[in-house]
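Residue-level listing of the chains:
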Amino acid sequence: MRPVPRWALVSSGCAPVLLVGGWMLAAHLEGPAYDPVTQTISVLGAYGAKGFWVMTGALLALGVCHLFTAWGLRPAALAGRLALAAGGLAAFLVTMLPAPSSGGSLEHGSVAVVGFVLLAVWPVLAAVRTPAAPWGLRLAPSVVASVLMGVGAAWYLIETERQGAPGVAERLVTCMQAVWPFVVVASCVAYRDLRDARATVDARSDDDRSLPD
């Protein structure tokens, strides 16, 4: 199984930090007029918003992080890596098609939905069906992650339709989708380190047995 480079820890670890930090700073710039419970992240990146460039930069950085993580996640199945990379590209497109200052946007909403779907299904698509796979790439945890993300996305749609708390639902699901790549990468790096440590111990044991009494 091909190893995951350690720089993938940086790209995957920066993704949730940049995303959350971006929307917090953008919301701060908007001031009390912005309600993070009832208003979505897209409002922060809409034309004319005070935090437009902050939120746009955060989404662009998120997309870059996903692309690098997909590149470095070599043990994962190719379909999952492609889905993660496509999710990163969807973040780019969201910034190119920002929501208007008022009302909705079919183009923006469609790209956002595609991004949600890609980032929800990539864990299952990336799963490696071998018992020796790192924990984050095993089928059971991958299925659980995808199901939770799917439930979060469904909750977001429900809250949007009933005009409830779509901001909370959106933040929850996007956090899950931003954190999971780091979980997978960290499990792969830990798996490699443990395997290397065991190999070193076995080699020393063999050397000790080969020494004459």
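Residues numbered from 1 in each chain as written. Predicted model: local features only at pLDDT ≥ 70, side-chain atom pairs only at ≥ 80, totals over all residues. Heavy atoms only, no water.

1. Quick notes on the overall build of the protein chain
- Secondary structure assignment for the protein chain yields seven helices and zero strands.
- Long-range contacts, defined as pairs at least 24 residues apart, comprise 72% of the intrachain contacts of the protein chain with a sequence gap of at least 6.
- Split by element, the accessible area of the protein chain, about 11,000 Å² in all, is 71% carbon and sulfur. (Helix = DSSP H or I, 4+ residues; strand = E, 2+ residues; numbered from the N terminus. Contact = heavy atoms within 4.5 Å. Areas by Shrake-Rupley, 256 points an atom, 1.4 Å probe, with all protein chains shown as cover.)

2. Comments concerning the nonpolar core
- Core analysis: the largest hydrophobic core is formed by 22 residues, its most contacted members being V4, L73, W122, L137 and V184.
- The set of elements that each furnish at least two residues to this core consists of α4 (78-96), α5 (106-126), α6 (139-161) and α7 (166-210).
- Element by element, the count of residues in this core is highest for α7, at five residues.
- Here L137 is in contact with P75, A76, A126, A127, V128, S142, V184 and C188, once residues within four sequence places are set aside. (Core = buried A, V, L, I, M, F, W, Y, C linked by side-chain atoms within 4.5 Å. Buried < 20%, exposed > 50% of the residue type's maximum accessible area, 1.4 Å probe, protein only.)

3. Observations concerning a nonpolar patch on the surface
- On the surface, V37, W155, I158, V168 and L172 cluster together into a nonpolar patch covering about 400 Å² of accessible area.
- Of all elements in the fold, only α6 and α7 reach the threshold of two or more residues within the nonpolar patch.
- Tracing the sequence through the fold places W155 in helix α6. (Patch = residues over 30% accessible without salt bridge, like charges linked within 9 Å, V, L, I, M, F, W, Y side chains within 5 Å. Salt bridge = Lys/Arg side-chain N within 4 Å of Asp/Glu carboxyl O.)

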